[in-house]
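Chain and residue survey
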Amino acid sequence: MLQNSQMKGRARTLAAHAILITYTIIALFPVIVIVINSFKTRNAIFRSPLSPPNSETFSLVGYETVWNQGDFVLYFQNSLIVTIMSLALVLLFGAMAAFALSEYRFRGNSLMGLYLALGIMIPIRLGTVSILQIMVASGLVNTLTALILVYTAQGLPLAVFILSEFMRGISDDLKNAGRIDGLSEYRIFGRLVLPLIRPALATVAVFTMIPIWNDLWFPLILAPAEETKTVTLGAQIFIGQFVTNWNAVLSSLSLAIVPVLILYLIFSKQLIRGITSGAVK
Amino acid sequence: MANSEIPKPAIRWHIAVFLAPAVLVYTAIMIIPLFGTLQLAMYKVVEGESLFVGLENFQKLFGDERWSASFWNALANNTWFFVVHMLVQNPIGILLAALLSSPKLRMAGFYRTSIFIPTILSFVIVGFTWKLILSPLWGIAPDLLGSIGLKSLYTPWLGKEEYALTTLALVSVWQFVGIPMMLIYAALLSIPDEILEAAECDGVTGMAQFWKVKLPLILPSIGIISILTFVGNFNAFDLIYTTQGALAGPDFSTDLLGTFMFRTFFGFQLQLGDPNMGSAIASAMFVIILIGVSIYLFGIQTRLRRYQF
């Protein structure tokens, strides 16, 4: 009887692993195929697409084309500026608003919370026509500032929501001790509360960063000029021009994949801890 | 609350200071443009001047044969796109989460990290990657099917009207299955051990335990996933634009509301862009999303029982 249930348990574990491995292969296979083929000669790409490069088929010709033709360094720089600036603003403004909502009782508090939470459900894209007009009117078209403003507005609702949930959990004693010591409300926020919510800030950072880095819509509409292209838009246009140059296409795809992948692998623990700690409900 | 012990100052300026930046940016870049778009949908440019025309644009969108055919086509495609996600993405996500959350599973961290990788990639990468893999030129998809003796099943899916939309929906499922997986995984982990032990004492184990004990407990999370999927799907654009271009070919068979709005707003080929009609489509999308969100908030969420542990 005992043996039987043990066997059953083992069979179940085996089946679980089988399903998970199958799905892991489905998830990783396309990415791996692209990356290994980007290091191969054109002939080898077509003759044996599934084998890794060897001394005979190894080639960097695709990367050379990308390096010489596309302005990928500039695109990377633009994406980095936009992502980091928007992220900084979302975290700072989001934490400030979340502190106001969770710390003080004032008239219109819950209404304000609801107002800011609207943006979680309603996509900012629906306002695009009007956003473009505003940016044209203020001369911000084809500037990174336009993108930073839009992404800040886009990221704020979820940031305020998650951070204020988190801040409600911070004990009042600490803050009151600070008040008795004569700290101003700003210092209580900056010195006491901000360090305590660092884990939540990291979670919000990951959630905010990924859609900004990957967005195609707003760069395409608000900042399509050569000097303000982001990596995502740059790759889209570059690949469109080089459809027949497989080496170049595969290399540019790999170049777009690898930085995000590295960032993800560094932050994945944080991300998973953030999700599973119930910060997002 | 903290400040009950503190004498109340007349005006607590710091509250305004804390709130102002977020509220200003959010209002100026999100809320005002949203209403601005709704307003633009009621104007029309005649000889260089913007005229108020009331609901004329909507009459055109729903009444004029050429417009309404495109609109209903995009809406129908979008609905199918959503249905595929609900039927494929969310069940797979739940299955994977259920397997991952089983205690003492080895390599759980590895599986979790790997399966989430597609989710972090941009649509541009995902779109082109799958376009290459499914391409008849490269031959990876037919070769793979050939290796299991199913080569006859292969056709250039993205180029066929009857398959293209479903194929793209499945590509999108491939990309986003990580989200339901993670959220359900989190929900499953938050179920206290005592409940599961009690179930085991009653002889409820394995599959039965999942259906009878765990599933009812994670229903609120499934509700959240459904509404997130809905909102995401009904403003999808990037994947279609990357793989099929703004014309959402073949013959508009992959046209979604997002690509339809983009085409109308910016124009394509010989047709000029029309911001007012674009706004009308955006307004229609706004109403659709609002209906979906209201059904969730008032119809589903309030009826789901939440368990406090």
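Residues numbered from 1 in each chain as written. Chains lettered and ligands numbered in written order. Predicted model: local features only at pLDDT ≥ 70, side-chain atom pairs only at ≥ 80, totals over all residues.

**Overview of the overall build of chain B**
Scanning chain B from terminus to terminus reveals 13 helices and four strands. Counting only C-alpha atoms, chain B reaches 80 × 80 × 30 Å along its principal axes. When burial is assessed residue by residue, chain B has 38% of its 309 residues classed as buried. Sequence-distant contacts, at least 24 apart, represent 66% of the contacts inside chain B between residues at least 6 apart. (Helix = DSSP H or I, 4+ residues; strand = E, 2+ residues; numbered from the N terminus. Buried ≥ 20, exposed ≤ 12 C-beta atoms within 10 Å, placed from the backbone. Contact = placed C-beta atoms within 7 Å.)

**Here we look at the overall build of chain A**
Tallying secondary structure elements over chain A gives 13 helices and zero strands in all. Element order for chain A, N to C, with α for helix and β for strand: α-α-α-α-α-α-α-α-α-α-α-α-α. Taken over the C-alpha trace, chain A has a radius of gyration of 24 Å; the compact-globule value for 281 residues is 19 Å, which it surpasses by more than 25%. Seen along its three principal axes, the alpha-carbon backbone of chain A occupies a region of about 75 × 75 × 35 Å. (Rg over C-alpha atoms; globule rule 2.2 N^0.38 Å.)

**Observations regarding the packing of helix H7 (residues 144-167) of chain A against helix H10 (residues 198-214) of chain A**
Residue and element names in this part refer to chain A. For the pair H7 and H10, interaxial distance at closest approach is 10 Å and the crossing angle is 155°. Relative to H10, the element H7 lies roughly antiparallel. Here the hand of the crossing between H7 and H10 comes out right-handed. Note on element contacts: H10 touches H7 through Ala200, Thr203, Val204, Phe207, Thr208 and Ile212, opposite Tyr151, Gly155, Leu158, Ala159, Ile162, Leu163 and Phe166. Within the contact of H7 with H10, the residues separate by chemical class into 10 nonpolar, three polar and no charged. (Axes fitted to C-alpha atoms, helices over the stretch in contact; angles between N-to-C directions. Parallel < 35°, antiparallel > 145°, perpendicular 65-115°, else oblique. Left-handed = near helix turned anticlockwise from the far one by under 90°. Nonpolar A, V, L, I, M, F, W, Y, C, P; charged D, E, K, R; others polar.)

**Observations concerning the domain arrangement of chain B**
Residue and element names in this part refer to chain B. Taken domain by domain, chain B holds domain 1 (2-52) and domain 2 (56-301). Each of domain 1 and domain 2 has a C-alpha centre, and the two are 32 Å apart. Contact with domain 1, which involves eight residues of that partner, is made by eight residues of domain 2. Of all elements in the fold, only helix H1 (13-40) and strand E1 (43-46) reach the threshold of two or more residues within the side of domain 1 that touches domain 2. (Domains from an automatic or database assignment.)

**Thoughts on the interface of chain B and chain A**
Much of the literature gives interface size as the accessible area that the parts lose upon coming together. Contacts between the two partners involve 67 residues from chain B, matched on the other side by 70 residues from chain A. Mapped by element, the contributors of at least two residues to the side of chain B that touches chain A are H1, helix H3 (65-100), helix H4 (108-120), helix H5 (123-134), helix H8 (178-189), helix H10 (206-234), helix H11 (238-244) and helix H13 (275-301) of chain B. Sorting elements by how many residues they give to the side of chain B that touches chain A places H1(B) first, with 16 residues. Class assignment for the residues of the side of chain B that touches chain A results in 48 nonpolar, 15 polar and four charged.

**Concerning H5(B)**
Residues and elements named next belong to chain B. Its 12 residues give H5 an end-to-end C-alpha distance of 16 Å, which sits within 8% of 16 Å, the value for a rise of 1.5 Å per residue. Buried residues dominate H5, accounting for 10 of its 12 residues. Considered for burial, the residues of H5 that qualify are Phe123, Val124, Ile125, Val126, Gly127, Phe128, Thr129, Trp130, Leu132 and Leu134. (Expected span 1.5 Å × (residues − 1).)

**Quick notes on the domain arrangement of chain A**
Entries for chain A in the domain assignment read domain 1 (2-62) and domain 2 (70-241). Summarising the inter-unit geometry, the C-alpha centres of domain 1 of chain A and domain 2 of chain A are found 37 Å apart.

**A few points about the pairing of strand E2 (residues 49-52) of chain B**
Residues and elements named next belong to chain B. In this structure, E1 lies alongside E2, joined through four bridges in antiparallel fashion. Note that in E2 the partner of Val45 across the bridge is Ser50. Taking the residues between adjacent antiparallel strands as the criterion, E1 and E2 are bridged by two residues, where Glu47 takes a positive phi near 50°. (Pairing = 2+ DSSP bridges.)

**Topic: the nonpolar core**
Ala97(A), Val150(A), Leu163(A) and Ala22(B) are the most contacted members of the largest nonpolar core, which totals 155 residues. Looking at this core element by element, the count peaks at 16 residues for H7(A). Excluding residues that lie within four positions of it along the chain, Val150(A) makes contacts with Ile124(A), Ile131(A), Phe218(A), Leu222(A) and Ile29(B). (Core = buried A, V, L, I, M, F, W, Y, C linked by C-beta atoms within 7 Å.)

**So, the packing of H8(B) against H10(B)**
Residue and element names in this part refer to chain B. Running from N to C, H8 and H10 cross one another at 145°; their axes reach a closest spacing of 9 Å. Note that H8 runs across H10; the crossing there is right-handed. Residue-level contacts link Pro180, Leu183, Ile184, Ala187 and Leu188 of H8 to Lys214, Ile218, Ser221, Ile224 and Ile225 of H10. Its residues assigned to classes, the contact of H8 with H10 comprises eight nonpolar, one polar and one charged.

**Remarks on unusual backbone geometry**
A positive phi angle, near 60°, is found at Asn142(A), a position not held by glycine. Tracing the chain through its elements places Asn142(A) in the loop between helix H6 (128-137) and H7. Take Asn142(A): there are 16 C-beta atoms within 10 Å of it, and that puts it in the partly exposed class. Phi at Met107(B) is positive, roughly 60°, even though this residue is not glycine. Of note, Met107(B) is situated in the loop between H3 and H4. Exposure remark for Met107(B): the 13 C-beta atoms within 10 Å place this residue in the partly exposed category.

**Regarding the environment of Pro123(A)**
Within the secondary structure layout, Pro123(A) lies in the loop between helix H5 (109-121) and H6. Assessed through the 23 C-beta atoms surrounding it within 10 Å, Pro123(A) is described here as buried. Separated by 31 residues in the primary sequence, Pro123(A) and Gln154(A) place their C-alpha atoms 8.0 Å from one another. Ignoring sequence-local partners within four residues, the contact set of Pro123(A) consists of Val231(B) and Asn235(B).

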